[in-house]
Amino acid sequence: MSVVTLSVTEDEAGIRLDRYFRRHYPHLTQGGLQKLCRTGQIRVDGRRVEASTRLEPGQSVRVPPIPMAAKPARDVPRPLDERLVREIRGMVIYQDAQVIVLNKPAGLPVQGGPGITKHVDMMLDGLREGDDPRPRLVHRIDRDTSGLLLLARTPGVAARLAASFRGRDVHKVYWAVVVGRPDPQSGEIDQPLARLGVGPGAITVAADRTDKDAQSARSAYQVLDSAGRRFSWLELSPLTGRTHQLRVHCESLGTPILGDPKYGGETAHPSGFTDQLHLHARMLEIPHPAGGRLTVTAELPAHMRGTFRDLGFTAGSTPAPVRRGG
């Protein structure tokens, strides 16, 4: 074994050193990596570094002899049932060399957990092309929420898009049918939230600002149409990213989302409607990794289209994906 020098690629721009090593030498522990950094055995462009150092394309990473790590790990695809391949490919509404956008159906979890045997993450090998890396989730939406889900084709693209989400450079629009009509009919909800419990039974609740567990949460809303005072069609934009934020914020307005299985109580389940959550991730605008901005819009799911017809709401046509600039 001997010292190896690796060059940071364009796709690895901004990646932390510890994540870089997890990608290339997955068996090296975090403690082992930190020791190699402390002793100067790992260097970037000849300089000592810490595990949290961010890398840039073209930099040289000195890698000392590491047992059982002669070559970078290879991402080997897992066999996937052809039915799942067809299903995940049927969700694709936009794709290019950097990103894939899905229209996820309501009821399909994004990731696994206790009792979950089918989810989007397990199906992502169905979107691989040849020896390309496995696509990666950039964000999540609730199991019961339908609509837009963004994937990155490479780890480097995933890191850049995740930074855009953290930096609030992403514009998200949701559509919801709620029970009742908010007053006023547009505005911003500034209601801190807190999580109670752990695991599948955990819930999000409105919290007092002085609560030590409270997190700032803000959402913009606007009534697009209403059926008297009984039901309303809302456009919602989360300005922060808390778990179940839109669902609890709608409940805090006194207008829970129709069919919500977790919030709103009996009020959310009037008779005569499909008893599914009526919340849809409708539009996503992101800075495209290759430049410019990408706007994608997702068709409503069948249960919401039926409710729109029953209530006389007109959604109109769904715009085609648009990329501007770049």
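Now for a quick tour of the structure. (Residues numbered from 1 in each chain as written. Predicted model: local features only at pLDDT ≥ 70, side-chain atom pairs only at ≥ 80, totals over all residues. Heavy atoms only, no water.)

1. Concerning the overall build of the chain
- Across its full length, the chain holds 7 helices and 17 strands.
- For the C-alpha atoms alone, the extent of the chain along its principal axes is close to 75 × 50 × 45 Å.
- Sorting the 326 residues of the chain into buried and exposed places 45% on the buried side.
- A fraction of 64% describes how many contacts in the chain between residues 6 or more apart in sequence connect residues 24 or more apart.
- Total accessible area on the chain is roughly 16,400 Å²; 48% of this is exposed by carbon and sulfur atoms.
- Looking at the chain, you have 45 positive and 35 negative side-chain charges, and the mean spots of the two groups are 5 Å apart. (Helix = DSSP H or I, 4+ residues; strand = E, 2+ residues; numbered from the N terminus. Buried < 20%, exposed > 50% of the residue type's maximum accessible area, 1.4 Å probe, protein only. Contact = heavy atoms within 4.5 Å. Areas by Shrake-Rupley, 256 points an atom, 1.4 Å probe, with all protein chains shown as cover. Lys, Arg positive; Asp, Glu negative; His and termini not counted. Charge placed at Lys NZ, Arg CZ, Asp CG, Glu CD.)

2. A closer look at the sheet that holds strand 2 (residues 43-44)
- As summarised here, the arrangement of the 4 strands in space is 1-4-2-3, forming an open sheet in which the pairing is antiparallel. The two strands at the open ends of the sheet, each matched to only one other strand, are strand 1 (4-7) and strand 3 (47-48).
- Pairing between strand 2 and strand 3: 2 bridges, direction antiparallel. Bridged to Arg-43 within strand 3 is Arg-48.
- Sheet contacts for helix 1 (residues 17-24): strand 1, strand 2 and strand 4 (60-63); angle to strand 4, the most-contacted strand, approximately 65 degrees. (Pairing = 2+ DSSP bridges. Axes fitted to C-alpha atoms, helices over the stretch in contact; angles between N-to-C directions.)

3. Description of the pairing of strand 13 (residues 218-227)
- Bridge count between strand 10 (residues 186-190) and strand 13: 5 bridges; the pairing is antiparallel. Following the sheet pairing, Ile-189 is matched in strand 13 by Ser-219.
- Relative to strand 14 (residues 231-238), strand 13 runs antiparallel, the two sharing 8 bridges. Within the sheet, the bridge partner assigned to Ala-220 lies in strand 14 and is Ser-237.
- Linking two consecutive strands that pair antiparallel, namely strand 13 and strand 14, is a turn of 3 residues; a positive phi of about 60 degrees is found at Gly-228 within it.

4. Comments concerning the packing of aromatic side chains
- By the definition in use, this model includes 8 aromatic pairs.
- Between the aromatic rings of Phe-308 and Phe-313, the centroid separation amounts to 5.6 Å while the plane-to-plane angle is 90 degrees, which identifies the pairing as edge-to-face.
- Under the relative-accessibility criterion, Phe-308 is labelled buried at 3%.
- An aromatic cluster is defined as three or more aromatic residues linked by ring pairs; in this entry it consists of Trp-175, Trp-233, Phe-308 and Phe-313. (Phe/Tyr/Trp six-rings, centres within 6.5 Å; stacked < 30°, edge-to-face > 60°.)

5. Observations regarding the pattern of salt bridges
- Counted according to the given criterion, the structure contains 13 salt bridges.
- We note a salt bridge from Arg-209 to Asp-190, for which the minimum N-O separation is 3.6 Å. Taken together, the positions of Arg-209 in the loop between strand 12 (203-206) and strand 13 and Asp-190 in strand 10 put the pair 19 residues apart, joining distant regions of the chain.
- Residue Lys-212 is joined to Asp-213 by a salt bridge in which the shortest nitrogen-to-oxygen separation is 3.5 Å.
- Looking at Lys-212, the relative accessible area reads 74%, which means it is exposed. (Salt bridge = Lys/Arg side-chain N within 4 Å of Asp/Glu carboxyl O.)

6. Topic: the environment of His-24
- Here His-24 lies in helix 1.
- Relative accessible area serves as the criterion here: at 15%, His-24 is assigned to the buried category.
- Separated by 157 residues in sequence, His-24 and Arg-181 have C-alpha atoms that sit 54 Å apart.

7. Examining unusual backbone geometry
- Cis rather than trans, the peptide bond between Asp-183 and Pro-184 has omega equal to 5 degrees.
- Looking at where Pro-184 falls in the secondary structure, it is placed in the loop between strand 9 (171-179) and strand 10.
- Residue Asp-45 is not a glycine yet carries a positive backbone phi of 50 degrees.
- With respect to the helices, strands and loops of the structure, Asp-45 is situated in the loop between strand 2 and strand 3.
- Take Asp-45: its relative accessible area is 37%, and that puts it in the partly exposed class.
- The backbone phi angle of His-244 is positive, close to 60 degrees, even though this residue is not glycine.
- Residue position: His-244 is located in the loop between strand 14 and helix 6 (245-252).
- On the basis of relative accessible area, His-244 is assigned to the buried category, the value being 12%.

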